[in-house]
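# Coordinate analysis (summary)
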Amino acid sequence: MSASMYAQEPVVGVNASMASLSVDQQNAILSALHAAGVHFIRAGITPDDKGIDFARRAQAQGIRILWLVQLQYRPGAPSRPYPNAFGVWGGPPLSAADPDQFRKYFEPLLAKLDAAGITLAGFELGNEINSPMFNADFSMPAETPSHSREFDLGDLSHDPEAQQVARGYLQYLRLLAVIRDVRSRSKLNQHAAIISAGLVFNEAPEAARTSRLDAVSATATLDFMRAHGLDDLVDAYGVHTYPWTNDPGNPAAAAGRRERLQKYVLAECRPQGSAQGKPCWITEWGIANHDASCPPRETNQITLVNETRANFQPYLADRRVLGMFYYAWLDSREGFAIYRCDQLTETGRLALAPAGHF
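Keep in mind it's a predicted model, so treat the numbers as computed, not measured.

## Thoughts on the sheet that holds strand β3 (residues 64-69)
- Spatially, β6-β4-β3-β2-β1-β10-β9-β8 is the arrangement adopted by the 8 strands of the open sheet, whose pairing is parallel. Edge positions in the sheet fall to β6 (193-195) and β8 (237-241), since each of these pairs with one other strand and no more. Averaged over all neighbouring strand pairs, the angle between strand axes comes to 25 degrees, with direction disregarded.
- Relative to strand β10 (residues 321-326), strand β9 (residues 280-285) runs parallel, the two sharing 4 bridges. Note on β10: the bridge partner recorded for Ile282 is Met324.

## Some points on the state of the cysteines
- Here the structure, examined in full by the defined rule, presents 2 disulfides.
- Here Cys269 pairs with Cys280 through a disulfide, and the sulfurs are 2.1 Å apart. Judged by the sign of its S-S torsion, about -95 degrees, the cystine formed by Cys269 and Cys280 is left-handed. Of the two residues, Cys269 sits in the loop between α8 (251-265) and β9 while Cys280 sits in strand β9, which places them 11 residues apart along the sequence. Comparing Cys269 with Cys280, the two get one shared label, buried.
- Disulfide pairing places Cys294 opposite Cys341 at an S-S distance of 2.0 Å. Judged by the torsion about the S-S bond (-95 degrees), the Cys294/Cys341 disulfide is left-handed. Of this pair, Cys294 sits in the loop between β9 and α9 (299-317) while Cys341 sits in the loop between β11 (339-340) and β12 (343-344), and the two are 47 residues apart along the sequence.
- Taking relative accessible area as the criterion, Cys294 reaches 60% and is therefore assigned exposed.

About the cut-offs
Residues numbered from 1 in each chain as written. Predicted model: local features only at pLDDT ≥ 70, side-chain atom pairs only at ≥ 80, totals over all residues. Heavy atoms only, no water. Pairing = 2+ DSSP bridges. Helix = DSSP H or I, 4+ residues; strand = E, 2+ residues; numbered from the N terminus. Axes fitted to C-alpha atoms, helices over the stretch in contact; angles between N-to-C directions. Disulfide = S-S within 2.5 Å. Buried < 20%, exposed > 50% of the residue type's maximum accessible area, 1.4 Å probe, protein only.

Rendered as structure tokens:
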């Protein structure tokens, strides 16, 4: 990473997926993001002229993209069906990820972005790979449905299902190596940050699991991949956090959220420049609000967003966290949208405030 990257202020942005939208729809969203003072979004870039044009139009609005890079798989790989009874995404297992296919996809696309003058905020490969939601290497349902498990580091070496997940992690590292190699020859993006896939953290590991699906703890995932070279391939770890929303404004509840963030979510984040370990980018965080009013009632959401940002501050100050992306600008399913009723909500204004101005 370049010296200039070390000196940067923390990146503050928002998840803004637009690949499936028309150019007019994308332009309307980009204009609204620009008007709201947003300078960074986390989004995919499709490997076609429309994708390049989207990145160009975003940059014209002063918006840089944390590129959510898609995995690529060996030809003929098995694929989990979608939709399915468990509500998880379909597609091939991570263990079928193929570095040769990935290079054929990634290298020419980055070359086209370079040729178009696009400067990226970074590359984030894949999403929530320690969760069955995005990784078809997990059994479905759990091999022991009455007692689903969160696998630990030892399980990745000894449990048959977890061993299969571990094989996927090794393939994942091979794709990261392709990104690092191709990035080294980029004209404009050789210093853009490489972020490992945002991981899901269980903030109540002592509680009985109610899911019918297994998972791997985020800490075990990082420990396993670090033992196989992760820190030589990435500039930061991707993490996700969706804090509990119980009892807004209650000091005991607030203390619990702060302690869980420290103990589970950000415990693996190291100060920038550390001899071992990497800082983190929080590539998803959010507080849901299911109120459908216009304008929405936001009192509890504002309280919790203020609290969460305050909890992030020590990690931002000592460079253990270098970026944070709120989830999401628009959201039709889960209630996280901060652009509602044709305007940025107060929650959104607070969530997107520069890190040093909070």
